[in-house]
Amino acid sequence: MVDLRAGVQMIEPAAGLARLAQFPFQLLTWVAEDGYPVSAAIEADVDAAAGTVSFLPPAGFALPLDGELSLTGSHIRPQPGVGYDERRHVTVWGRASATAAERISFRAHAAWGWDESDIPFPEYVERQVGQSRRYLARLSGELGRTVRPRLSLGWLILRSTRLPFLSATFVPVLVGIAIAALHGFFEPLTALITLVGAAAAHLAINVTNDVFDARLGADEKNVNPTQYSGGSRVIQYGLVSLRAMALIAAGCYAVTIAAGLLLLWLRPSPELLGIGVVGVLIGLFYTAPPLKLVYRGLGEIAVALGFGPLMLLGAYVVQSGGPIAVEPIVASLPIALLVALILYANEVPDRSGDERAGKLTLPVRLPKPTVISLYYALALAAFAIIGGGVLAGVLPIPALVALLPLPLALRVRDGLTAHYDQPYALMGYLGVNVKLHLYVGGLLLAAYLAVLAVAALAPGVPLFLWR
Amino acid sequence: MSWMPRPVEELLEAALVTELTVVRHDGRPMTYPLIPLWDGQKVLMTSSILFSRKLEHIKADQRVSLSLSDPVALGGRPDRATIQGDARVIDGDPHTDWERVLPLWAAKEPVILQFLKARVAFPLFFERSVIQVVPRRVLYWPGGDTTQPPQRFEHPAGEPEKEAA
């Protein structure tokens, strides 16, 4: 079994020679009698197919024909004011023998190298995480104290909880509160508690997901994480222990449950109790055994439910005190679809690691054309619901402004089509996909705020069709 | 004042990349491209703990060489040099020890300051050790022609003073 974290693999000698031949000169290196390495540039004739190289030896040296020599090719492209790029190097090891005409013949038997056009730097880094752990363990032994990688507390909190993704919570909760306000229900304290509780729930889910993905091996097997996928990786990097992450998750769940109980005490209703219980169960069993919803291709549905209807209706019910109207249900659906599509698209670069870990997400189960078609269909459905909701008189007319980000869905679809197998090229499009949800939700919220303002300032102005 | 020939110091000052060769436990030469930083007495390099095999080799055998051979990485200078010396790894605190060489590093690779601001994205990349090489011998090829024997320069004391680890 290939250890993906054992570093970049050795390459076949012939492949190494083929790469070596592409460099304008080669660096011949050997270890001299005094134990110091010696290097000198040469220009070699490489026969990759035969596995041999011949060259004129550098003048002034007696090459050791009984020991191992290496030939290295190394290249960068300077970028003034920046540094450099186009990093690639290869080293081929072999044994040399003298031939006629003072040339040296070199037969390759091992090779190693890195070309950032083959293995992007972020992946190269991921593949070396195991080496960093081994080194720190040895260093800790040498120094007699534990040496761990560190981040400042602020960065650590941001990274371990994936704090920036809280927009996925704020959007539905604020829209739910705004709709309730339009229906005549608004109480600032419970609105604030709802926001805090929902945010804690989201962070709890994020951290729990990392804990169980670490225990089940999914994040460990993923060497192509991006800032949108592959988890926070704080456990894999040794920044936070598994136990500490479990404690953080427990703390976030405690805040969530406390907020839920407080809201139930302030605004008791069976609807809120039901929404709260279902929300906690979905959050917990998203990755946790025995259900492991995301491992069974049910992650998108769980996320859609959790960050769509449950969040939005929960926020609405807290304000209304119980009754659920049609309007918040309809408003929650596009948000639900778009938040599910964030997860869905993020699973595309993760799918190799997920498959190795037995995490059978939809992009693991489905072929590329189906994955992309499904993405596009669901994105269009989100916009169709908004348009249809307005036409049916359920959503206010200004909600049509939320159709404006539609071109972003086309960009993501095109990005998925062009870069399906290129995690780092895809990263920008995953960012656009996050914005798609944020912009649609944000515009929906803005529409409701505008409706609230108009309703207060000019009560007679029609804001819904057919009303 | 350094005993190093001035043209070689200029190569070190200009070089965006040097090929550091260390010796593995079985005698195999292992070559790694790194950015050389010249402080006037010692060559300094940094290595992330991610790419720390070279550090383990140096801890086992301090004898290393640095090659300055690629005109592209040397700002168009055709001269070539190989510096042999004794290396020491400074890694008492990989989180901060290397930051003292940051000004020299940023002078050659300014973008590193931008990356450092986003340290949260590559936390292990910025856990680094410093490799400090005290030169003891220089092989210098004016014009870069290695079909001619190199000029040889030795540390004037023969054996450079070694710093306590």
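None of the values given here were measured: they were computed from a predicted structure.

### A look at the overall build of chain B
Phase 1 of the analysis: When helices and strands are tallied, chain B shows four helices and eight strands.
Phase 2 of the analysis: Going from N to C terminus, chain B has its helices and strands arranged as α-β-β-β-β-α-β-β-α-α-β-β.
Phase 3 of the analysis: The C-alpha radius of gyration computed for chain B amounts to 16 Å, which stays within 12% of the reference 15 Å derived for 165 residues, consistent with globular compactness.
Phase 4 of the analysis: Within chain B, buried positions represent 47% of all 165 residues.
Phase 5 of the analysis: Restricting to contacts in chain B with at least 6 residues of sequence separation, those with at least 24 account for 70%.

### Remarks on the interface of chain A and chain B
Phase 1 of the analysis: With 49 residues of chain A in contact, the opposing surface of chain B contributes 49 residues.
Phase 2 of the analysis: Among the elements that make up the side of chain A that touches chain B, the one with the highest residue count is helix α3 (residues 129-143) of chain A (seven residues).
Phase 3 of the analysis: In terms of residue class, the side of chain A that touches chain B is built from 30 nonpolar, 16 polar and three charged.

### As for the sheet that holds strand β3 (residues 45-47) of chain A
All names here are of chain A.
Phase 1 of the analysis: The strand order across the open sheet formed by seven strands is β2-β1-β5-β6-β7-β4-β3, and the pairing between neighbours is antiparallel. Only two strands of the sheet have a single neighbouring strand rather than two, namely β2 (37-42) and β3. If you compare each strand with its neighbour and ignore which way they point, the axes differ by 30 degrees on average.
Phase 2 of the analysis: With 11 bridges connecting them, strand β6 (residues 83-98) and strand β7 (residues 104-115) associate as antiparallel partners. Within β7, the residue paired with Ala98 across the bridge is Ile104.

### Regarding the environment of A:Val38
Phase 1 of the analysis: Within the secondary structure, A:Val38 sits in strand β2.
Phase 2 of the analysis: Between the alpha carbons of A:Val38 and A:Leu63 there is a distance of 9.9 Å; along the sequence they are 25 residues apart.
Phase 3 of the analysis: In this view, A:Val38 contacts A:Thr29, A:Trp30, A:Ala32, A:Phe61, B:Ser65 and B:Thr82; residues no more than four positions away in its chain are not counted.

### Observations regarding the packing of helix α6 (residues 188-216) of chain A against helix α7 (residues 242-266) of chain A
Residues and elements named next belong to chain A.
Phase 1 of the analysis: Orientation of α6 relative to α7, taken along the N-to-C sense of each, is 150 degrees, at an axis distance of 8 Å. The angle between the axes of α6 and α7 places the two elements in the roughly antiparallel class. Two packed elements cross with a definite hand, and for α6 against α7 that hand is left-handed.
Phase 2 of the analysis: Class assignment of the residues belonging to the contact of α6 with α7 gives a composition of 21 nonpolar, six polar and one charged.

### Re the domain arrangement of chain A
Phase 1 of the analysis: Domain annotation for chain A reports domain 1 (13-116), domain 2 (120-149) and domain 3 (153-457).
Phase 2 of the analysis: Relative to domain 3 of chain A, the C-alpha centre of domain 1 of chain A lies at a distance of 53 Å.

### Some words on unusual backbone geometry
All names here are of chain A.
Phase 1 of the analysis: Cis geometry marks the peptide bond from Pro289 to Pro290; its omega dihedral reads 5 degrees.
Phase 2 of the analysis: Positive phi, normally seen in glycine, also occurs at Arg162, with a value near 55 degrees.
Phase 3 of the analysis: Looking at the secondary structure, you find Arg162 in the loop between α4 (153-161) and α5 (167-182).
Phase 4 of the analysis: Taking the number of C-beta atoms within 10 Å as the measure of exposure, Arg162 has 20 and is therefore buried.

### Some words on α3(A)
Phase 1 of the analysis: Between the first and last C-alpha of α3(A) there are 21 Å, a value that for 15 residues agrees with the 21 Å anticipated at 1.5 Å per step.
Phase 2 of the analysis: For α3(A), the full list of buried residues reads A:Val129, A:Gln131, A:Ser132, A:Tyr135, A:Leu136 and A:Leu139. Axial view of α3(A): buried residues confined to an arc of 145 degrees, hence all on one face. Turned more than 90 degrees away from the buried face of α3(A), the exposed residues are A:Ala137 and A:Gly141.
Phase 3 of the analysis: Against the buried residues of α3(A) lie α2 (121-127) of chain A together with α2 (53-60) of chain B.
Phase 4 of the analysis: At the exit of α3(A) stands A:Gly144, carrying a positive phi of roughly 75 degrees.

### Concerning the pairing of β6(A)
Phase 1 of the analysis: Where strand β5 (residues 68-79) of chain A lies against β6(A), 11 bridges are found, and the strand directions are antiparallel. The residue bridging A:Ser70 from the neighbouring strand is A:Trp93, located in β6(A).

### Considering the confidence of the model for chain A
Residues and elements named next belong to chain A.
Phase 1 of the analysis: Confidence in the prediction of chain A, expressed as mean pLDDT, is 91, and 97% of residues score 70 or more.
Phase 2 of the analysis: Averaged pLDDT values over the elements of chain A bottom out at 87 in α2 and peak at 98 in helix α12 (residues 368-391).
Phase 3 of the analysis: Low pLDDT, under 50, characterises residues 1-7; the stretch is placed with 10 contacts to residues that sit more than four places away or in other chains.

### Some details on the packing of α6(A) against helix α9 (residues 299-320) of chain A
Helix-helix packing is described using two parameters, namely the angle between the two axes and the distance between the axes.
Residues and elements named next belong to chain A.
Phase 1 of the analysis: One way to put it is that α6 packs onto α9 with a least axis distance of 9 Å and a crossing angle of 155 degrees. Between α6 and α9, the angle is such that the two are roughly antiparallel. Judged by the sense of rotation from one axis to the other, the crossing of α6 with α9 is right-handed. Here Thr190, Ala191, Thr194 and Ala198 of α6 lie close against α9, whose contacting residues are Met311, Ala315, Val318 and Gln319.
Phase 2 of the analysis: Classifying every residue of the contact of α6 with α9 by side-chain character gives five nonpolar, three polar and no charged.

Rules and cut-offs
- Residues numbered from 1 in each chain as written.
- Chains lettered and ligands numbered in written order.
- Predicted model: local features only at pLDDT ≥ 70, side-chain atom pairs only at ≥ 80, totals over all residues.
- Helix = DSSP H or I, 4+ residues; strand = E, 2+ residues; numbered from the N terminus.
- Rg over C-alpha atoms; globule rule 2.2 N^0.38 Å.
- Buried ≥ 20, exposed ≤ 12 C-beta atoms within 10 Å, placed from the backbone.
- Contact = placed C-beta atoms within 7 Å.
- Nonpolar A, V, L, I, M, F, W, Y, C, P; charged D, E, K, R; others polar.
- Pairing = 2+ DSSP bridges.
- Axes fitted to C-alpha atoms, helices over the stretch in contact; angles between N-to-C directions.
- Parallel < 35°, antiparallel > 145°, perpendicular 65-115°, else oblique.
- Left-handed = near helix turned anticlockwise from the far one by under 90°.
- Domains from an automatic or database assignment.
- Expected span 1.5 Å × (residues − 1).
- Arc of directions from axis to C-beta.
- pLDDT = per-residue confidence, 0-100.

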